[in-house]
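A closer look at the structure
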Amino acid sequence: MTLIISFLFAITLLTLTPGFDTALVLRSAAAQGWQRASATALGVTLGCLVWGVAVGLGLGALLLASEMAYNLLKGIGAVYLLYLGVRLLLNPRSTVAGGQEGQMREERYLTCFARGLTGNLLNPKVGVFYVTFLPQFIPAGGSVALWCTLMALTHMVIGLVWNAVLISGSQYFAGHLRRPAVLKVMDRLTGCVFIGFAAKLALSRR
């Protein structure tokens, strides 16, 4: 019980800490509405579950042991974040759903889901964190695969709840944020944030 309480406390603090995932979900909520933001959040949190299962099966240890594997995934992730940021800077959204142009540019739910999932899976620091963090809360003699999966599933549920709070809160300001001028500025600012996360990831060490 002490291990479980300690884990819940630590993973909740981790979930509440702002990062790329938070920025991605909030941007989707403000620009495209709560439904597509929910799809993005589902992709992000499902990525945590995938990492947890991978760590339980021993695959996460590869990132901890292999410098080449870590740097390869880190490089791909940084390039992906850079791509998202540059695209928002050069092609910010000026129209939201409702008009003909907005409907044409409105993204599919699968696209939003895939962006959240890809962004999470291409961040090797999540895998390294899991492989160093989760084992501390596994009871002696417990199944590593089972406990890692259950803890990652718990992280996923907490993440979904927190993202639901963020998305609900953003809807209060949605009318103002969806003005064409504000939306364009917001997209460019989000692009700068994504580029900053890309640089941080590229320069980071294990």
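Residues numbered from 1 in each chain as written. Predicted model: local features only at pLDDT ≥ 70, side-chain atom pairs only at ≥ 80, totals over all residues. Heavy atoms only, no water.

Under an unreviewed UniProt entry, the name given to the protein is LysE family translocator, and the source organism is Pantoea dispersa.

Some remarks on the overall build of the protein
Helices and strands together make up the secondary structure of the protein, namely 11 helices and zero strands. Scanning the protein from its N terminus toward the C terminus, one meets helices and strands in the order α-α-α-α-α-α-α-α-α-α-α. Expressed as a percentage of the 206 residues in the protein, the buried residues total 42%. Of all intrachain contacts in the protein linking residues separated by at least 6 positions in sequence, the fraction that spans at least 24 positions is 82%. Accessible surface computed for the protein: about 10800 Å², of which carbon and sulfur atoms make up 71%. (Helix = DSSP H or I, 4+ residues; strand = E, 2+ residues; numbered from the N terminus. Buried < 20%, exposed > 50% of the residue type's maximum accessible area, 1.4 Å probe, protein only. Contact = heavy atoms within 4.5 Å. Areas by Shrake-Rupley, 256 points an atom, 1.4 Å probe, with all protein chains shown as cover.)

Notes on a nonpolar patch on the surface
Residues L146, L150, L153, V157, V161 and V165 make up a contiguous nonpolar surface patch of roughly 500 Å² in combined accessible area. As for its placement among the helices and strands, L150 is situated in helix α9 (residues 144-170). (Patch = residues over 30% accessible without salt bridge, like charges linked within 9 Å, V, L, I, M, F, W, Y side chains within 5 Å. Salt bridge = Lys/Arg side-chain N within 4 Å of Asp/Glu carboxyl O.)

Re the packing of helix α2 (residues 20-32) against helix α7 (residues 109-121)
Where α2 meets α7, the axes come as close as 10 Å, and the angle between the chain directions of the two elements is 165°. Judged by the inter-axis angle, α2 sits roughly antiparallel to α7. Classified by chirality, the crossing of α7 by α2 is right-handed. Each of F20, D21, L24 and Q32 in α2 lies in contact with α7, whose residues at this interface are C112, R115, G116, G119 and N120. Of the residues belonging to the contact of α2 with α7, the class tally is three nonpolar, four polar and two charged. (Axes fitted to C-alpha atoms, helices over the stretch in contact; angles between N-to-C directions. Parallel < 35°, antiparallel > 145°, perpendicular 65-115°, else oblique. Left-handed = near helix turned anticlockwise from the far one by under 90°. Nonpolar A, V, L, I, M, F, W, Y, C, P; charged D, E, K, R; others polar.)

As for helix α8 (residues 124-133)
In terms of burial, α8 is largely enclosed, as seven of its 10 residues are buried. Among the residues of α8, those classed as buried are P124, V126, G127, V128, Y130, V131 and F133.

Notes on the environment of V144
Mapping V144 onto the fold places it in helix α9. Judged by its relative accessible area of 43%, V144 is partly exposed. A sequence separation of 89 residues divides V144 from V55, and the C-alpha atoms of the two residues are 8.6 Å apart. For V144, the residues in contact, after removing those within four places along its chain, are G56 and I138.

With respect to the packing of aromatic side chains
As enumerated under the stated definition, the model contains one aromatic pair in all. The interplanar angle of 65° and the centroid separation of 5.6 Å between the aromatic rings of F7 and F137 together place this pair among those described as edge-to-face. Within this pair, whereas F7 is found in helix α1 (residues 2-16), its partner F137 is found in the loop between α8 and α9, the two being separated by 130 residues in sequence. In terms of burial, F7 and F137 fall into one category: buried. (Phe/Tyr/Trp six-rings, centres within 6.5 Å; stacked < 30°, edge-to-face > 60°.)

Focus: the environment of C48
Along the chain, the position of C48 falls in helix α3 (residues 34-56). On the basis of relative accessible area, C48 is assigned to the buried category, the value being 7%. Put simply, C48 and M156 are 108 residues apart on the chain and 6.3 Å apart in space, counted from C-alpha to C-alpha. Aside from chain neighbours lying at most four places away, what touches C48 is N120, Y130, A152 and H155.

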